[in-house]
Amino acid sequence: MSETYKLYWGDMHHNTFQAESESEEALASHYAHAKEHLDFYGMAYYPAQASAFKPGGHMAELVGKQEFVVEDWKQSQLIEKEWAMVTEHSSKWYQPGQFVTFLGYEWQGNGQFGDHNVFYLNDTGPLYQVQTLPQLYEKLREHNAIAIPHHTAYRPGHRAPLWELLDEKISPMTEIFSIHGSSETDEEMIGMRQNAHMGPGCGGATYQDLLRLGKHVGAIGSTDHWGDLAGHYGQGLAGVYASELTRQGIWDAIQERRVYAVSGDRIELEFDINDAPMGSCITTSGPRQIKVKAVGCDAIDRIELLKDDTLIAVENHLLDKQMPPAGKRSKFKLRIEAGWGPKSEECVLEPIDWHCSVKLGDGTFIGYQPCWLNPGQTAQLHDDHAQLNFRLRQNNVMKPNQNATVLEFESTPEAEIQISFEGMEVQNCRVIDLLTASR
């Protein structure tokens, strides 16, 4: 599959205009920050008036008693004004071959049909204030549009969909991981525990429930958050295999379900059956040859293969973990992470820039993967050395605060590696030493 298509990464659920403090300048910064580390970006404009969102953050992040949360459509005049700004910026920031944007908004209706993100292929499209999913589908059939269900593992008919109404052509994929948690099953390895107002995860509208109905729908991850960095690490991303980095290229991949979800690291996954790529519908009475290739940022624990909702095979790679042969040039990945210190409740600090350099005694840097929580991180590679910047800011003690960059390089296990981090240095260290234990 990698010979025909290239893997691209994006976020199709970054909400905007939820807080009263949102501005056109903030809108531009969202696109600029997304472009720094994503290939495509679907800004999901929020047309609901939600009392949960306050200047400075979600009310769950504020101290003291807050009012009861109520959501309803904003005033039509305000929706028209904000939607025009989102439309303008989506068109302005689209750069074929470099950065793909999609115009979209979040639709909730009356809450009984599950939340959906509506996106258009083209630069313009209407925002429909209809109350039911059949009404929304009827309107969207007049356009080149999709509607992506999300956080589906809540109670069906209450902010989770009724799967029997799903139209595969308009909803060719569903979001199964976000800030809410995982909607894959109701077994809740990563449960729906982030939003107390919406209730616990349960069966009936999970992704596996959808597959049991015989529906052909792909799965993606996306953040479903409102912060200043779309694609926030650890809250879900969409991997898409497309022929080119254009709107049409990404759109075709979505329609053909060449998509998958990750929760954190950008794991490269290839999957095909009888040489048909992921998302294909095939008919065969003969044997099925399944090929799976996965490349992670660390050792992969296991690969599970399911047919319908039944586990039929497990490949445990940790059992085969081996050290690279001595003296042979191999590929390695090094994760560098920063962000420890006093929590915001203890003392208040301004954002701090930390600079890091990495030097290989014998080797070449070939790439990096961003694991970023907020804007301001950078990475520059120059053959045998790399320059990284981490912009660190405080968070409360319950939330991850560490930005990281994963460097990929080629060298021998015995090659020396020097790391300098704001006066702190790792010296007399070889690549194989870091394979054995972290520093």
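Residues numbered from 1 in each chain as written. Predicted model: local features only at pLDDT ≥ 70, side-chain atom pairs only at ≥ 80, totals over all residues. Heavy atoms only, no water.

*Asks:* Just to check I follow, could you spell out the overall build of the protein for this structure?
*Replies:* Assigned secondary structure in the protein consists of 6 helices and 27 strands. Computed over the C-alpha atoms, the radius of gyration of the protein is 23 Å, within 12% of the 22 Å expected from 2.2 N^0.38 for a compact globule of 439 residues. For the protein, the spread of C-alpha atoms along the three principal axes comes to 65 × 65 × 40 Å. Within the protein, the fraction of its 439 residues that count as buried is 47%. Counted over contacts in the protein with a minimum sequence separation of 6, partners at least 24 positions apart contribute 67%. Split by element, the accessible area of the protein, about 21,800 Å² in all, is 48% carbon and sulfur. (Helix = DSSP H or I, 4+ residues; strand = E, 2+ residues; numbered from the N terminus. Rg over C-alpha atoms; globule rule 2.2 N^0.38 Å. Buried < 20%, exposed > 50% of the residue type's maximum accessible area, 1.4 Å probe, protein only. Contact = heavy atoms within 4.5 Å. Areas by Shrake-Rupley, 256 points an atom, 1.4 Å probe, with all protein chains shown as cover.)

*Asks:* Hey, could you run me through the nonpolar core in this one?
*Replies:* It is characteristic of soluble globular proteins that their nonpolar side chains tend to be buried jointly. By size, the foremost hydrophobic cluster in this structure holds 52 residues, and its most contacted members are Tyr105, Tyr120, Leu136 and Leu140. When residues in this core are grouped by element, the largest group, 5 residues, is from helix α2 (residues 76-93). Beyond its immediate chain neighbours, meaning those up to four positions away, leucine 140 contacts Val118, Tyr120, Tyr128, Ala145, Ile146, Ala147 and Ile170. (Core = buried A, V, L, I, M, F, W, Y, C linked by side-chain atoms within 4.5 Å.)

*Asks:* Please clarify how unusual backbone geometry should be interpreted in this entry.
*Replies:* Positive phi, normally seen in glycine, also occurs at aspartate 224, with a value near 55°. Secondary-structure assignment places aspartate 224 in the loop between β12 (218-221) and β13 (237-242). With a relative accessible area of 6%, aspartate 224 lands in the buried category. Located in the positive-phi region is glutamate 422, a residue other than glycine, with phi close to 50°. Residue position: glutamate 422 is located in the loop between β26 (417-421) and β27 (424-426).

*Asks:* Any chance you could explain a nonpolar patch on the surface here in plain terms?
*Replies:* Taken together, the side chains of Leu306, Leu311 and Val314 present a nonpolar region at the surface, about 240 Å² in accessible area. Note on placement: valine 314 falls in strand β19 (residues 310-315). The exposure class of valine 314 is partly exposed, given its relative accessible area of 47%. (Patch = residues over 30% accessible without salt bridge, like charges linked within 9 Å, V, L, I, M, F, W, Y side chains within 5 Å. Salt bridge = Lys/Arg side-chain N within 4 Å of Asp/Glu carboxyl O.)

*Asks:* Explain helix α5 (residues 247-255) here, please?
*Replies:* Given 3.6 residues per helical turn, the α-helix brings residues three or four places apart onto the same face. For α5, the complete set of buried residues consists of Arg247, Gly249, Ile250, Trp251, Ala253 and Ile254. Phi for arginine 257, located one or two positions after α5, is positive at around 65°.

*Asks:* Help me understand the packing of aromatic side chains in this model?
*Replies:* The way to describe two aromatic rings as a pair is by their centre distance and the angle between their planes. One pass over the structure, following the stated rule, counts 13 aromatic pairs. A connected cluster of aromatic rings, assembled from ring pairs, spans Phe17, Tyr45, Trp83 and Tyr105. Just above the ring of tyrosine 94 sits the side chain of arginine 247; from NZ or CZ to the centre is 4.2 Å. One residue, arginine 258, lies across the ring of tyrosine 5, its end atom 3.8 Å from the ring centre. (Phe/Tyr/Trp six-rings, centres within 6.5 Å; stacked < 30°, edge-to-face > 60°. Lys NZ or Arg CZ within 6 Å of the ring centre and 35° of its normal.)

*Asks:* So what exactly am I meant to see when it comes to the pattern of salt bridges here?
*Replies:* One side chain can pair with another of opposite charge once the charged atoms of both are near each other. Throughout the structure, instances matching the rule amount to 16 salt bridges. One salt bridge in this structure joins lysine 74 and glutamate 82, with 2.8 Å as the shortest N-O distance. Relative accessible area serves as the criterion here: at 6%, lysine 74 is assigned to the buried category. Owing to a relative accessible area of 9%, glutamate 82 belongs among the buried residues under this scheme. Taking the shortest distance from any N to any O, the salt bridge between arginine 258 and glutamate 256 comes out at 2.2 Å.

*Asks:* Mind showing me how you'd approach the packing of helix α1 (residues 24-37) against α2 here?
*Replies:* Angle between the axes and distance between the axes are the two parameters that describe a pair of packed helices. Direction vectors running N to C along α1 and α2 enclose 30°, while the axes themselves pass 11 Å from each other. Of the two elements, α1 crosses α2, and the hand of that crossing is right-handed. Facing Glu24, Leu27, Ala28, Tyr31, Ala32 and Lys35 of α1, the residues of α2 in contact are Met85, Val86, Glu88, His89, Ser90 and Trp93. Partitioning the contact of α1 with α2 into residue classes produces 7 nonpolar, 2 polar and 3 charged. (Axes fitted to C-alpha atoms, helices over the stretch in contact; angles between N-to-C directions. Left-handed = near helix turned anticlockwise from the far one by under 90°. Nonpolar A, V, L, I, M, F, W, Y, C, P; charged D, E, K, R; others polar.)

*Asks:* I keep staring at α2 and nothing clicks. Help me out?
*Replies:* Between its terminal C-alpha atoms α2 stretches 26 Å, which fits the 26 Å expected from 18 residues at 1.5 Å a residue. Those residues of α2 lying buried are Ile79, Glu82, Trp83, Met85, Val86, Thr87, His89, Ser90 and Trp93. In this structure, the buried residues of α2 make contact with α1, β2 (40-45), β6 (71-73), β7 (100-107), β8 (116-120) and α5. (Expected span 1.5 Å × (residues − 1).)

*Asks:* Looking at this model, I keep getting lost on the environment of aspartate 115. Mind explaining?
*Replies:* Looking at the element boundaries, aspartate 115 is found in the loop between β7 and β8. Through-space distance from the C-alpha of aspartate 115 to that of glycine 376 is 32 Å; in sequence the pair is 261 residues apart. When near neighbours in sequence (up to four residues on either side) are disregarded, aspartate 115 contacts Glu106, Trp107, Gln108, Ile148, Pro149, His150, His151 and Arg159. Of note is the side chain of aspartate 115, whose polar atom sits 3.3 Å from the side chain of histidine 151. Polar contacts involving the side chain of aspartate 115 include one to the side chain of arginine 159, which spans 2.8 Å. (Polar contact = N/O pair within 3.5 Å; in protein donor to acceptor, adjacent residues only side chain to side chain.)

*Asks:* Got a minute to help me understand the sheet that holds strand β25 (residues 403-411) in this structure?
*Replies:* Two strands in a sheet stick together by hydrogen bonds in their backbones, pointing the same way (parallel) or opposite ways (antiparallel). Sheet architecture is open: 3 strands sit in the order β20-β25-β22, paired in antiparallel fashion. Lying at the two open borders of the sheet, with one neighbouring strand each, are β20 (330-338) and β22 (363-371). Averaged over neighbouring strand pairs, the angle between their axes works out to 25° when direction is ignored. (Pairing = 2+ DSSP bridges.)

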